[in-house]
Every structure is written in structure tokens, then in C-alpha cells.
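A structural walkthrough
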Amino acid sequence: MIAAGLLLFSLFSSLALGRPTAHDVFHVHERRSDVPNGFKYVGKAAPNATLDLRIALVQSDPAGLEAALYDVSTPGSKNYRKHLTKAQADAFIAPKPESVQAVTAWLAKNNVTAQTSATGEWMKIRIPVSQANALLDTQFNEYSHDETGLTVLRTMSYSVPASVKGHLDFIYPATAFVAPRPVPAELQIMQSRETSTHGISKRARGNRKSRTTLNAIPATTSTATSKPAQATGPVSPDDSCKTKITPACLQAIYNIPPDSALNTSSNIFVASFVGESADPADLKKFLGEFRPDVSQGTTFRVKAVDGGTNNASKATIEASLDVQYTVGVAAGVDTTFVSVGSNNTDGIAGFLDVINDLISQEEPPFVLTTSFGFNEKDVPVGLANNLCNAYAKLGARGTTIIFGSGDGGVAGIQNQNCTTFVPTFPSSCPFVTSVGGTNSFGPEVAVSFSAGGFSNVFARPKYQDDVVPAYLKTLGSTNKGLFNASGRGFPDIAAQAKSFQVVRGGQTISVSGTSAAGPTVAGVVALLNDAVFQDGGQPLGFLNPLLYSSAASALNDITQGNNPGCGTDGFPTSEGWDPVTGLGTPDFAKLLDVVKKSS
């Protein structure tokens with residue numbers, strides 16, 4: 001009732017505020033029917049309150065960007081792994097000059113000055129609510145978020161003049177009600193008292209002889225202060241790996257070599273949000289306990305976006321997990337913790353800011369892993385497409401982008417009441433690699449919380465044209481009407497996601513979630529890049545065309561388990577791809593063989 005009244009009021013008041021001329025009539029550009037769950041109407045926004053808005057201009061050639069991405073990412077292409085330069089990638093998303101001119105003229109006519117991004121596809125404006133109401137022929141209101149108590153200024157619809165139609169893509173976050181913070185995939189935490197076996201067989205434990213007393217190392221340096229213990233080859237996991245996962249367990253289960261990376265070029269960036277922090281001292285204790293063969297001076301770098309900081313004295317579980325398992329799996333690979341702070345005005349907790357920051361770099365990271373996400377329905381379609389194109393741009397330049405799929409099964413990022421299945425974002429973007437969760441071994445099975453399903457925004461990509469119809473045929477009428485069968489299916493692959501041993505505040509705890517699977521896969525990719533670099537090759541970049549073709553045989557197919565939610569059993573696993581564990585889990589040795597042959 002409130003939402004309907006607001007919408008009528010907004011429409012009637014906009015007629016008085018906008019005063020369109022006969023030559024430049026306003027047209028409704030975006031409209032929503034109601035206030036989403038979790039938000040509550042407070043009242044009209046104060047006329048003098050300040051609004052930070054971002055105007056997305058229509059990109060000149062997103063189809064060309066997608067074609068270029070597949071050209072450099074598909075084995076067999078003559079341009080496979082010949083990634084684009086920054087200038088080449090920028091050219092696809094830069095708006096046409098006439099679009100820039102039309103939007104700039106409209107803003108100038110209304111006495112609004114904009115800051116324009118380096119490539120021109122974004123304009124940022126800061127104006128009072130009264131001016132925004134007139135500019136967009138609308139009424140901005142104040143809404144509160146139930147969980148956090150934070151308030152946002154939004155409108156139920158806005159209009160733009162005919163002169164900018166076809167030039168302006170969308171204005172953000174005008175009608176966007178995205179939760180003020182992204183949700184980490186962090187399901188289960190419990191104190192762990194027994195960490196002495198580390199998940200390796202008795203014959204291998206004899207190699208773990210000495211420990212070095214560690215001193216604090218700043219998180220902004222990367223040095224080696226002591227000699228690492230001698231590495232041993234992968235060994236079979238023992239039964240402790242069924243209840244506690246350590247780097248040694250992952251090495252044994254996924255055939256990952258324990259040797260440190262040899263090429264200094266390989267790197268991993270770990271994106272984190274909402275005040276997450278990691279303590280270098282915790283990393284040292286973690287390595288001393290679970291990877292004593294690694295240099296005791298190993299640490300991580302810190303990069304700040306939107307005023308982010310790494311407060312080591314207030315280390316958080318998610319950040320500790322991400323850093324410890326990227327470093328612990330990919331020893332010797334340069335790891336950067338990207339802290340995205342609260343000084344953002346992008347309306348999506350800095351997700352837009354961090355990706356634009358990385359895009360602006362002349363040398364973007366080779367691997368980017370993120371353990372945060374949203375339910376797809378909460379992200380406006382225009383923004384979802386824009387962010388997805390940004391991921392395509394990074395992929396075309398050689399970055400592998402990895403997201404944990406979420407921890408709510410078919411109910412989304414986290415378990416919730418729902419009547420239809422809830423896909424997650426950015427995992428639903430076809431230009432990222434989404435990672436689901438498994439546990440145990442011999443056989444490995446899906447964890448019940450592994451989020452997966454089908455996008456309601458993005459169509460099925462060509463690389464899934466064989467595997468998804470095959471799965472749907474096997475599925476039959478199960479869950480009919482609860483999901484979009486023509487959408488992009490996710491996850492793409494999976495990895496262990498339960499009972500990871502993590503050190504926080506000097507104490508070892510057990511953590512579960514696809515936020516553990518993502519960093520694991522990131523470490524595997526970084527080590528593959530290291531091997532490729534040693535041979536003078538180029539980074540893997542966007543993985544999916546490789547995964548769904550020649551690399552499918554290098555993955556461990558998971559055929560047991562399901563991902564319940566929304567009052568159903570969810571999707572079952574099956575032979576081949578499924579929306580619980582994707583194509584399966586990695587076998588490093590087999591993947592390395594495929595990667596070298598594909599080069």
C-alpha cells in the first residue's frame with residue numbers, strides 16, 4: 001500500500017517539478033513497482049540533502065568487447081591468450097562522442113557539472129535533492145534498511161528528456177535498493193582444538209621437524225627472513241581431511257605441488273569489503289603450523305580503495321580465510337589484499353569502485369578472487385550488465401576473475417525464505433568463474449549450502465550450449481517453474497568448502513563456505529600461471545571457454561549431493577555439469593597438462 005501511494009505521488013509531483021518542453025519531452029527511464037524486502041519508507045528526502053549520482057553512458061561496442069574476450073580466451077583461436085592492451089579494451093566501452101555531447105549538454109542546461117571517468121563511460125554528479133527532483137522529473141525519498149539501520153535516498157522512478165535517450169544507459173543508484181553491504185560466504189565457525197595432524201599421512205609428518213619463532217612483519221612488505229623447510233611431493237589425504245581442511249589436504253586431494261612458485265610475475269588480488277582485515281601475525285602462525293616448508297617471511301601487500309584500511313589488530317574471519325588460503329595454496333605467489341572502504345558512493349558497497357580501479361591500471365592482476373556477493377534480484381539490471389562488462393574487460397586483458405557462488409543453496413547468497421530459486425551475482429555473470437562447494441573425498445561430494453542455479457538476467461553463454469541442455473534433460477520436470485532454464489548456469493567448478501583451519505587472533509578456528517572454495521581455486525590458477533610464465537607464456541585469463549572444452553577432462557566430476565532451499569531439495573548433482581558443483585573440482589597435474597597443450 002505504501003509503495004503504490006509513493007509511486008502515484010512521485011508521478012503526480014514530477015509533472016509539476018519537471019516542466020518538460022515541447023521539444024524535449026521527459027520519458028520514464030526506470031521504474032520499480034515496490035520497495036524491496038528489507039527496506040522501509042521513512043519520508044520525503046530533505047530538499048537540501050546531497051545526492052551522489054553516477055550516470056552510465058551507453059557503451060560504444062559491448063558486443064565487440066565480448067567477441068574480443070572469447071577470441072583471446074578460447075583454445076584453438078589464433079589469438080588465444082593474446083590479451084588486449086588497456087587502450088584496446090577501453091575503445092570497446094568508451095561512449096560515442098555524440099553520447100557524451102548529448103548528456104553533457106543536458107547537464108549544462110540544468111547547471112550541473114559532472115566528473116567524467118578516464119574512459120568516459122561514467123559521469124559523477126553531486127547535487128541537492130531539490131535539483132535532482134527537477135533534473136529527473138521525480139521525487140527522492142528516504143528509506144531505512146532494516147538490518148543495518150542505515151538510510152538511503154532513492155526514488156521509485158525517474159525520467160530523462162528525449163534528447164538523451166539512446167545516449168544515457170542508467171543513473172545509479174536512483175532506483176537501486178542494494179543492501180548497504182555485500183554478504184560474505186561465511187557459513188560455519190567453530191573453535192578447533194586439534195590441529196596437530198594437519199591432514200597428511202603419518203609418513204609425511206616426519207618431514208615437519210623445526211619451527212622458527214616469528215616476529216611481526218608489516219603487511220606492506222614481502223621479504224624472506226628464514227630458510228623454508230624442504231618441500232615434499234603431494235601425498236594421499238588421511239581421514240583427518242574429512243573433518244578438517246588444511247593446505248596439505250588441498251595439495252593431496254587436488255594433486256597440487258607443495259613447491260613455491262618460481263616466477264616472480266604471478267600474482268593474486270583478494271578483494272574484501274565492509275571493514276574486513278587480516279593480521280600478518282596470524283598468517284605467520286598459520287604458515288608455521290600448516291606450511292612450515294614456506295619461507296617464514298612470507299606476507300601480503302595491502303591496496304586501499306575508497307579509504308579502505310587493513311586493521312591487523314581487528315582481524316576478521318573472512319579476510320583471514322581469504323589471505324591464508326591464497327598464500328597457503330599458492331606459496332611464493334605475490335598476494336595483494338584489496339581493502340574496499342566505506343568512502344564509496346557507488347551504491348553497491350564499492351564493487352563498482354574496485355573494478356573501475358583495477359581496470360584503470362596499466363597492469364591489472366592476473367587473478368582476482370572475491371568471497372562476497374549479492375542476490376541477483378537485488379542488483380538493478382543496468383548495473384549488473386555494466387559490472388559484467390567490466391569483468392569482461394578485465395578478462396580480455398588477462399585477468400582470471402573468481403567468485404564464490406554463495407552459501408544458500410538454491411535460496412541465494414545465504415539461506416532465506418523464497419518461493420522461486422534465487423540466483424546470485426556476480427556469479428551469474430557469464431564472464432566470471434563461479435566456484436561452488438564440496439567436502440570429503442573418496443568420493444568428494446557436494447556441500448548442501450553450495451549456491452547454484454540459473455540467471456534471470458544473463459542468457460546462457462555459448463560455452464554452456466552442450467552441458468546445460470544435457471543436464472536439463474536429465475533433470476526432467478523437477479523444479480519446473482522455479483528457475484529460468486534459458487539463463488546462464490552456475491557455478492562453473494567447485495572445491496572443498498567445509499571445515500577450513502584458519503588462524504584469527506592467534507587461535508585456530510574452523511570455517512566453512514564457498515568463500516573457502518574461491519581462494520583455493522585462485523591459488524590453483526596462480527600456480528598454473530606460474531608454470532606458464534616459466535615457459536614464457538601468457539596468463540590464463542578468462543577460464544570458462546577452456547574449462548568447458550579441453551579442461552573438462554581434467555576436473556573431478558562430483559555426482560553426489562544437492563543444494564536444498566526454498567522449501568525444496570534444490571538441484572541434484574549429476575554426471576557432467578550441474579548447478580551445484582559445476583564441472584567438478586580441479587586436478588592440478590591434469591590441468592597443467594591441458595594448459596601446456598592448449599598453449
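Keep in mind the model is a prediction, meaning the values are calculated, not measured. (Residues numbered from 1 in each chain as written. Predicted model: local features only at pLDDT ≥ 70, side-chain atom pairs only at ≥ 80, totals over all residues. Heavy atoms only, no water.)

Most of strand 24 (residues 500–504) sits out of view: 4 of its 5 residues are buried. Here strand 24 runs beside strand 25 (residues 507–512); their pairing, made up of 5 bridges, is antiparallel. By the bridge assignment, Phe-500 is partnered in strand 25 with Val-511. Where strand 24 folds back on strand 25, the antiparallel hairpin that results is connected by 2 residues, among which Gly-505 adopts a positive phi of roughly 60°. (Buried < 20%, exposed > 50% of the residue type's maximum accessible area, 1.4 Å probe, protein only. Helix = DSSP H or I, 4+ residues; strand = E, 2+ residues; numbered from the N terminus. Pairing = 2+ DSSP bridges.)

Quick look at the packing of helix 2 (residues 62–73) against helix 11 (residues 381–396) now. Look at helix 2 against helix 11: their axes get within 9 Å of each other, and the N-to-C directions meet at 40°. Crossing angle aside, the handedness with which helix 2 passes helix 11 is left-handed. Across from Pro-62, Leu-65, Leu-69 and Val-72 in helix 2, the residues of helix 11 making contact are Asn-389, Ala-392, Lys-393, Gly-395 and Ala-396. Each residue belonging to the contact of helix 2 with helix 11 can be placed in one class, and the counts come to 6 nonpolar, 2 polar and 1 charged. (Axes fitted to C-alpha atoms, helices over the stretch in contact; angles between N-to-C directions. Left-handed = near helix turned anticlockwise from the far one by under 90°. Contact = heavy atoms within 4.5 Å. Nonpolar A, V, L, I, M, F, W, Y, C, P; charged D, E, K, R; others polar.)

Position of Leu-69 relative to the elements: it lies in helix 2. By relative accessible area, which is 0% here, Leu-69 ends up buried. Between the alpha carbons of Leu-69 and Phe-542 there is a distance of 7.8 Å; along the sequence they are 473 residues apart. Discounting residues that sit within four places of it in the chain, Leu-69 has contacts with Ala-392, Gly-395, Ala-396, Phe-431 and Phe-542.

The next subject is the layout of surface pockets. One simple way to see leftover space: roll a probe sized like a water molecule over the atoms. Here the largest pocket defines a volume of roughly 1100 Å³. The wall of the largest pocket is formed by 45 residues, among which Asn-37, Asn-375, Lys-377, Asp-378 and Gln-416 lie closest to the centre. Considered class by class, the residues forming the lining of the largest pocket number 21 nonpolar, 15 polar and 9 charged. Each of domain 1 (26–58 + 95–172) and domain 2 (238–598) contributes no fewer than three residues to the lining of the largest pocket. (1 Å grid on protein atoms, 1.4 Å probe; cavity = no way out; pocket = protein on both sides within 12 Å on 5 of 7 lines; lining within 4 Å. Points joined across faces, edges and corners; volume = space filled by probe spheres on them. Domains from an automatic or database assignment.)

Right, let's get into the pattern of salt bridges. Going through the model one piece at a time under the given rule, you end up with 11 salt bridges. One salt bridge in this structure joins Asp-90 and Lys-86, with 2.9 Å as the shortest N-O distance. Of the two residues, Asp-90 and Lys-86 are both situated in helix 3 (residues 86–93); the distance of 4 residues between them amounts to about one turn of the helix. For the pair shown, Asp-90 and Lys-86 are each scored as buried. One salt bridge in this structure joins Asp-293 and Arg-291, with 2.7 Å as the shortest N-O distance. Across the pair, exposure class does not vary: Asp-293 and Arg-291 are buried alike. (Salt bridge = Lys/Arg side-chain N within 4 Å of Asp/Glu carboxyl O.)

The subject of this paragraph is the packing of aromatic side chains. Evaluated as defined, the whole model comprises 28 aromatic pairs. With centroids separated by 5.6 Å and ring planes inclined at 75°, the aromatic side chains of Phe-454 and Phe-571 adopt a geometry described as edge-to-face. Here the residue Phe-454 occupies a position in strand 21 (residues 453–459), and Phe-571 occupies one in the loop between strand 26 (555–556) and strand 27 (585–586), the gap between them amounting to 117 residues. Accessibility expressed as a relative area gives 3% for Phe-454, which makes it buried. Residue classification places Phe-571 among the buried residues on the basis of a relative accessible area of 0%. Three or more aromatic residues link up through ring pairs in this structure, and these residues are Phe-421, Phe-454, Tyr-471, Phe-483, Phe-571 and Trp-577. Here Lys-242 stacks its cationic end above the ring of Phe-441, 5.2 Å away from the centre of that ring. (Phe/Tyr/Trp six-rings, centres within 6.5 Å; stacked < 30°, edge-to-face > 60°. Lys NZ or Arg CZ within 6 Å of the ring centre and 35° of its normal.)

Tallying each qualifying case throughout the model produces 7 cavities of 30 Å³ or more. Each pocket or cavity is described by its volume, and for the second largest cavity that value is around 100 Å³. As for the second largest cavity, its lining consists of 13 residues, of which Ile-493, Val-525, Leu-543, Leu-547 and Leu-591 are closest to the centre. Top contributing element to the lining of the second largest cavity by residue count: helix 13 (residues 514–534), with 4 residues. For the lining of the second largest cavity, the residue count by class is 13 nonpolar, no polar and no charged.

A few words now on the confidence of the model for the chain. Mean pLDDT over the chain: 88, with 87% of residues reaching 70 or higher. Segment residues 1–22 is flagged for pLDDT under 50; beyond a separation of four residues in sequence, or across chains, it makes 32 contacts in the model. In this model, residues 190–233 is a region of pLDDT below 50 whose contacts with residues beyond four sequence positions or in other chains number 101 contacts. (pLDDT = per-residue confidence, 0-100.)

Strands sit in the order 4-5-3-9 across an open sheet of 4 strands; the sheet is antiparallel. Two strands bound the open sheet, and with one partner strand each, they are strand 4 (115–116) and strand 9 (168–172). With 2 bridges connecting them, strand 4 and strand 5 (residues 122–128) associate as antiparallel partners. Counterpart to Thr-116 in the pairing with strand 5 is Met-123. Strands strand 3 (50–57), strand 5 and strand 9 of the sheet are contacted by helix 11, whose axis makes an angle of about 105° with strand 9.

The full count for this structure, using the stated rule, is 3 disulfides. Between Cys-241 and Cys-249 runs a disulfide, and the two sulfur atoms are separated by 2.1 Å. Residues Cys-241 and Cys-249 are joined by a disulfide whose S-S torsion is about -85°; by sign, that bridge is left-handed. Given a relative accessible area of 0%, Cys-249 falls into the buried group. The residue that forms a disulfide with Cys-418 is Cys-566, at a sulfur-sulfur distance of 1.9 Å. Torsion about the S-S bond of the Cys-418 and Cys-566 cystine: about -95°, corresponding to left-handed handedness. Of this pair, Cys-418 sits in the loop between strand 17 (400–404) and strand 18 (424–425) while Cys-566 is found in the loop between strand 26 and strand 27, placing the two residues 148 residues apart along the sequence. Residues Cys-418 and Cys-566 agree in their burial class; the two are buried. (Disulfide = S-S within 2.5 Å.)

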